[in-house]
Amino acid sequence: MKTDIKICGLKTAEAIDRALKRGATHIGFIFFEKSPRYIEPDLAAKLAEPARGKAKIVAVVVDPTNDELDEIVSLLKPDILQLHGNESPEHVLTIKALYGLPVMKVFSVRTADDLKRVEAYIGIADRFLFDAKAPKGSELPGGNGISFDWSLLSWLDGSIDYMLSGGLNKDNVADALANTTARGIDVSSGVEIEPGVKSVALIDEFFDAVQKANAPVVASGS
């Protein structure tokens with residue numbers, strides 16, 4: 001099965017172009033003002049146009065107001081809403097009903113207890129994303145460049161569709177794919193030269209690493 005690859009926190013046409021050329025299945029725009037990857041909805045809408053029909057456009061929000069969601073959805077016309085806040089299952093259902101869009105619900109993980117919350121969202125969220133819990137003092141719910149213990153995901157039912165995030169980069173993505181059942185991976189800081197600044201060279205190296213990890217193993221002597 002082909003691995004979905006989401007490049008998140010995009011802010012420039014150059015980075016989006018490279019992500020699309022390398023085969024990104026999802027591109028993410030972050031609408032959380034405290035993030036160095038924050039982008040205004042009208043600029044995101046302009047930058048997203050070349051991706052339409054080529055990759056899923058994802059709007060990443062953190063406990064947004066109705067007015068904020070209205071503006072983002074109206075301008076960007078995303079394919080998916082990624083909810084990175086404290087949205088209850090009931091709130092997720094309300095958002096889905098209001099906008100008619102699939103929802104990817106994010107869970108921040110440090111211990112097994114953090115994953116127990118997933119059960120209440122099964123059948124409600126269309127997909128899950130598991131990220132590392134923010135370190136103490138960080139104002140960012142994600143994009144902190146740290147990983148969590150992937151073995152915690154082993155208890156998940158195999159039918160649960162999720163993306164893996166948190167500190168992924170060219171050096172550890174092969175291990176992430178080998179040691180989890182993630183059907184998709186999400187990278188942001190792992191392809192940056194500084195917070196919020198994507199590098200096309202690092203994007204290339206990340207895709208190269210994924211391709212190598214997914215390459216079929218040829219038996220010796222064949």
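The protein goes by N-(5'-phosphoribosyl)anthranilate isomerase in an unreviewed UniProt entry, where it is assigned to Rhizobium binae. On record in UniProt, under Catalytic activity (unreviewed entry), the comment for the protein is "N-(5-phospho-beta-D-ribosyl)anthranilate = 1-(2-carboxyphenylamino)-1-deoxy-D-ribulose 5-phosphate". The record held by UniProt for the protein lists under Pathway (unreviewed entry) the comment "Amino-acid biosynthesis; L-tryptophan biosynthesis; L-tryptophan from chorismate: step 3/5."

Moving on: the pattern of salt bridges. Tallied over the full model, the rule gives 15 salt bridges. When the shortest N-O distance is used, the salt bridge between Asp208 and Arg22 registers 2.7 Å. Residue Asp208 is located in helix H7 (residues 200–214), and its partner Arg22 is located in the loop between helix H1 (13–21) and strand E2 (26–31); the two are separated by 186 residues in the primary sequence. With a relative accessible area of 38%, Asp208 lands in the partly exposed category. For Lys116, the salt bridge goes to Asp113, with nearest N and O atoms at 3.0 Å. Ionic contacts of the salt-bridge type, sharing partners, join the residues Arg18, Arg22, Asp204 and Asp208 into one network.

Tracing the chain through its elements places Leu152 in the loop between strand E6 (127–132) and strand E7 (162–164). Considered as a pair, Leu152 and Ala112 are 40 residues apart in the sequence and their alpha carbons are 5.9 Å apart. Beyond its immediate sequence surroundings of up to four residues, Leu152 is in contact with Val109, Arg110, Thr111, Ala112 and Leu115.

Following both chains from N to C, one finds helix H2 (residues 41–48) and helix H3 (residues 66–76) inclined at 25°, their axes separated by 8 Å at the closest point. Accordingly, the angle class assigned to the pair H2 and H3 is roughly parallel. As for how H2 packs across H3, the hand of that crossing is right-handed. Mapping the contact onto sequence places Pro41, Asp42, Ala44, Ala45 and Ala48 in H2 and Glu71, Ile72, Leu75 and Leu76 in H3. Of the residues in the contact of H2 with H3, the class split is seven nonpolar, no polar and two charged.

Let's shift gears to the packing of aromatic side chains. All chains considered together, the criterion is met by five aromatic pairs. Plain terms: the ring middles of Phe107 and Phe128 are 5.7 Å apart, the flat faces sit at 50° to each other, and that makes the pair tilted. Highlighted residues: Phe107 in strand E5 (residues 103–109) and Phe128 in strand E6, separated in sequence by 21 residues. Just as Phe107 is buried, Phe128 falls in that class too. Pairing Phe107 with Phe130 gives two aromatic rings, centres 6.3 Å apart and planes at 40°, and the pair type is tilted. Taken together, the residues span a long stretch of sequence, with Phe107 in strand E5 and Phe130 in strand E6 at a distance of 23 residues. We classify Phe107 as buried; its relative accessible area is 0%.

Calculation notes
Residues numbered from 1 in each chain as written. Predicted model: local features only at pLDDT ≥ 70, side-chain atom pairs only at ≥ 80, totals over all residues. Heavy atoms only, no water. UniProt positions renumbered as here; feature names shortened; annotations may be inferred. Salt bridge = Lys/Arg side-chain N within 4 Å of Asp/Glu carboxyl O. Helix = DSSP H or I, 4+ residues; strand = E, 2+ residues; numbered from the N terminus. Buried < 20%, exposed > 50% of the residue type's maximum accessible area, 1.4 Å probe, protein only. Contact = heavy atoms within 4.5 Å. Axes fitted to C-alpha atoms, helices over the stretch in contact; angles between N-to-C directions. Parallel < 35°, antiparallel > 145°, perpendicular 65-115°, else oblique. Left-handed = near helix turned anticlockwise from the far one by under 90°. Nonpolar A, V, L, I, M, F, W, Y, C, P; charged D, E, K, R; others polar. Phe/Tyr/Trp six-rings, centres within 6.5 Å; stacked < 30°, edge-to-face > 60°.

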